[in-house]
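What follows is each chain in one-letter form.
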Amino acid sequence: MKHHHISLAFASLLTTTQAIAQDRPNIILFLVDDMGVMDTSVPFLTDAKGEVQTHPLNNWYHTPNMERLAVQGIRFSTFYAQSVSSPSRTSIMTGQNAARHRTTNWINSESNNRTEFGPHDWNWEGLTSQMPVYPKLLQEAGYRTIHVGKAHFGCIGSEGEDPRNVGFDVNIGGNSIGQPGSYYGEWGYGYIKGNKSRAVPGLEKYHGSDVFLTDALTLEAEAEMEKAVKEGKPFYLNMSHYAVHQPFEADKRYLEKYQNSGKGHMAEAFATLTEGMDKSLGDLMQKLEELGVAENTLILFLGDNGGDAPLGGPADYGSSAPLRGKKGSEYEGGVRVPFIAAWAKPDAKNKFQKKYPIAQNAVQLQQGTVMDLYPTILSVAHVKYPKHYTLDGADLKKLLQGKEDKNHRDDFLMHFPHGEHRANYFTTYRKGDWKLIYYYNPDTTYRGGCPRFPNKTATLFIHLSGSKIAKNDLDLGYHVASFECSLLNDTNDRCNTCRLDCPIMKKFKNSHSY
């Protein structure tokens, strides 16, 4: 017994020594599938004075570890992603807008889902080994790069299908699929029962057990972090949960508190998936403490597109209230996601935190986007990207300190030139307090309450007032506004910058302004 205690003490001392000796910080990107900005007990939205406002959905969800992370760091009131999965994930990995990298739709594993009028040259195959994605650059700088969970970087047979082809040393659970076959270990995560074409790979040792998918991925991530620490290497962990994507299978450990809510069984199951995801965050933070590297580890938490909670329709105010719309939508509920940045254990004396300080219990009112993560992560790691590589994002360093950054761009382009989704063939562009939504000809359908104009293009101009919520408005605090020529010019310039042939200026004479 005495020798056992000595061994534990030596192991603890070794871990502490390794942590102190680190030359670069650890980084965790905690990415939640289909989590919108309202799918949490942490309030992100602010009023006209910049004060955080708690809404009914914040009281519905239970995410205490997100609350803890928000206190330890800074959250953004406005953080944009693409409206569906693969475009956002590719933007994160490349730092580029979807209009530039051209993965503009979610990637269907088996067949090209360009849709009838979509661009023929859209990037269905996704990431390739030739792209200077940041995991590859971190790998070259000595990081142990770990991917756990959903990848969705490329179709079957593409290089992007396997994260190890695009800069990851380790891949657990990731391939071409965009959703799990099942969350239940008893069902083999889809191999035994459920959607077998979407069975999650690499977790065979949990098959037949009662280990929920979110927990299985967390356990694997913890083991990989421990290996990196023992090797004396800094690590980058792409903790990419399948939660909270469909199927909405209840995590029974949390179900009781949500039952009999009147919201329906699917919404209750979704809430349990959310709470289980939050437990994963807490478990990882605890593991970092045990490994003695919490002070040296930065956590970046976010969703990959607007929320998909089974509350209301795709273009109303149910799942994202007070925002309108959800995943796949052109409205704010389809593109606003939660974003929190924090050191796992704040310590003003820590050498890494001195170099990259992050405000605590703060809210940043300037907007950020998924494209900003590429330069931010490389900045934290002190790794440079290729000299002539084009980025659409920028380092968030100043914003993460809670300061204003006048050089940080205040626009966001969301390009979805595809059909067969909740909203079809559209481009949105936000510049400051203005937002433009452009609907392409020839889409003539009317889906989910989204306006469509048969055989015509249409342009909507909307202004963000931010002062109150008007039920008849197009979006939170929006009122329909008059034509603004400067916004059209900015949109055209942005499209040109992203190599997107912008039809808005060309066809505006045939469009409708509201």
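Now for a quick tour of the structure.

1. Topic: the nonpolar core
Core analysis: the largest hydrophobic core is formed by 67 residues, its most contacted members being Leu237 and Phe301. Of the residues forming this core, the biggest block, 11 residues, is contributed by helix 8 (residues 265-291). Setting aside its immediate chain neighbours within four residues, Leu237 contacts Ile27, Ile28, Leu29, Ile146, Val148, Ala221, Met225 and Leu284.

2. A word on the layout of surface pockets
Considered as a void within the structure, the second largest pocket measures approximately 350 Å³ in volume. Forming the boundary of the second largest pocket are 18 residues, of which Trp106, Gly178, Gln179, His245 and Lys327 lie nearest the centre. Partitioned by chemical class, the residues of the lining of the second largest pocket number four nonpolar, nine polar and five charged.

3. Side note on the environment of Pro234
Topologically, Pro234 is positioned in the loop between helix 7 (213-231) and strand 6 (235-241). Along the backbone, Pro234 and Ile27 are 207 residues apart, and their C-alpha atoms lie at a distance of 8.3 Å.

4. Looking at the packing of aromatic side chains
Under the definition given, this model contains 19 aromatic pairs. Here the aromatic rings of Phe30 and Phe301 are separated by 5.3 Å at their centres, their planes lie at 10°, and the arrangement is stacked. A residue pair is termed long-range when its members are at least 10 positions apart, and Phe30 in strand 1 (residues 26-32) and Phe301 in strand 7 (residues 297-303) qualify at 271 residues. On the basis of relative accessibility, which here comes to 0%, the residue Phe30 falls in the buried class. Classification of Phe301 by relative accessible area gives buried; the value is 0%. Ring pairs connect the aromatic residues Tyr134, Phe168, Tyr236, Tyr374, Tyr385 and Tyr389, which therefore count as one cluster.

5. Regarding the pairing of strand 7
Most of strand 7 is tucked away: seven of the seven residues are buried. Along strand 7, one buried face is formed by Thr297, Ile299, Phe301 and Gly303 and the opposite face, lined by Leu298, Leu300 and Leu302, is buried too. Two elements, strand 1 and strand 7, share seven bridges in a ladder whose sense is parallel. Paired with Phe30 across the bridge in strand 7 is Phe301. The sheet contact formed by strand 7 and strand 8 (residues 339-343) spans five bridges and is antiparallel. Residue pairing across strands places Leu302 opposite Phe339, the latter belonging to strand 8.

6. Re the packing of helix 7 against helix 8
Their axes nearest at 10 Å, the elements helix 7 and helix 8 cross at an angle of 20°. One way to sum up the angle between helix 7 and helix 8 is to call them roughly parallel. With respect to the hand of their crossing, helix 7 and helix 8 are arranged in right-handed fashion. Here helix 7 contributes Thr214, Asp215, Thr218, Ala221, Glu222, Met225, Glu226 and Val229 to the contact with helix 8, which in turn contributes Gly276, Met277, Lys279, Ser280, Asp283, Leu284, Lys287, Leu288 and Leu291.

7. Quick word on the pattern of salt bridges
Scanning all chains against the criterion turns up 25 salt bridges. In this structure, Asp121 engages Arg102 in a salt bridge whose closest nitrogen and oxygen atoms are separated by 3.8 Å. Pair noted here: Asp121 is in the loop between helix 5 (98-101) and helix 6 (134-140) and Arg102 is in the loop between helix 5 and helix 6, with a separation of 19 residues, a long-range link. Taking relative accessible area as the criterion, Arg102 reaches 24% and is therefore assigned partly exposed. Linking Arg422 and Asp308 is a salt bridge whose minimum nitrogen-to-oxygen distance equals 2.7 Å. Linking Arg422 in the loop between strand 11 (411-416) and strand 12 (426-431) with Asp308 in the loop between strand 7 and strand 8, this pair joins segments that are 114 residues apart in sequence. Of the residues examined, Arg422 reaches a relative accessible area of 22% and is grouped as partly exposed. One salt-bridge network, held together by shared partners, links Asp33, Arg89, Lys150 and Asp304.

8. Observations concerning the sheet that holds strand 4 (residues 144-149)
Strand order in the open sheet made by the eight strands is 5-4-6-1-7-8-2-9, with mixed pairing throughout. Either end of the sheet is taken by a strand with one partner, and the two such strands are strand 5 (170-172) and strand 9 (362-364). When the angles between neighbouring strand axes are averaged without regard to direction, this sheet yields 15°. Each of strand 2 (74-76), strand 7, strand 8 and strand 9 is contacted by helix 3 (residues 64-72), which is oriented at about 65° to strand 8, the strand it contacts most. Packed onto the sheet, helix 4 (residues 85-94) meets strand 1, strand 6 and strand 7 and runs at close to 170° relative to strand 6.

Basis of the calculations
- Residue positions within a chain follow its written sequence, with the count starting from 1.
- Side-chain atom pairs in this predicted model are given and counted only at pLDDT of 80 or more, local residue features only at pLDDT of at least 70, and totals for whole chains, interfaces and linings cover all residues.
- Hydrogens and water molecules were not included; the side-chain quantities draw on all heavy atoms of the structure.
- Definition of nonpolar core: a set of buried residues of the types Ala, Val, Leu, Ile, Met, Phe, Trp, Tyr and Cys, connected through side-chain atoms within 4.5 Å.
- Burial status follows relative accessibility: with a 1.4 Å probe on protein chains alone, a residue under 20% of its type maximum counts as buried, one over 50% as exposed, and anything between as partly exposed.
- Only DSSP runs of H or I reaching four residues or more are called helices, and only runs of E reaching two or more are called strands; each is numbered from the N terminus.
- Note on contacts: a residue pair qualifies if any of its non-hydrogen atoms lie within 4.5 Å across the two residues.
- Put plainly, a pocket is an open set of points on a 1 Å grid over the protein atoms alone with protein on both sides within 12 Å along at least five of seven lines, a cavity is a set where a 1.4 Å probe fits but cannot get out, and a lining residue has an atom within 4 Å of a point.
- Grid points are joined across faces, edges and corners, and a volume is the space filled by probe spheres set on the points.
- Under the scheme applied, nonpolar residues are Ala, Val, Leu, Ile, Met, Phe, Trp, Tyr, Cys and Pro; charged residues are Asp, Glu, Lys and Arg; polar residues are all the others, including Gly.
- Note on ring pairs: Phe, Tyr and Trp rings are taken, using the six-membered ring of Trp, and paired if centres are within 6.5 Å. Classes follow the plane angle, with under 30 degrees stacked, over 60 edge-to-face and the rest tilted.
- At least two bridges found by DSSP between two strands are what make those strands a pair.
- Note on geometry: axes are lines fitted to C-alpha atoms, helical ones only across the stretch in contact, with angles between N-to-C directions running from 0 to 180 degrees.
- The cut-offs work like this: below 35 degrees is roughly parallel, past 145 is roughly antiparallel, 65 to 115 is roughly perpendicular, and the gaps in between are oblique.
- Take the far helix as the reference: if the near one is turned anticlockwise from it by less than a right angle, the crossing is left-handed, and if turned clockwise, right-handed.
- Criterion for a salt bridge: a side-chain nitrogen of Lys or Arg within 4 Å of a carboxyl oxygen of Asp or Glu.

Note that all results are geometric; they support no functional claim without further evidence.
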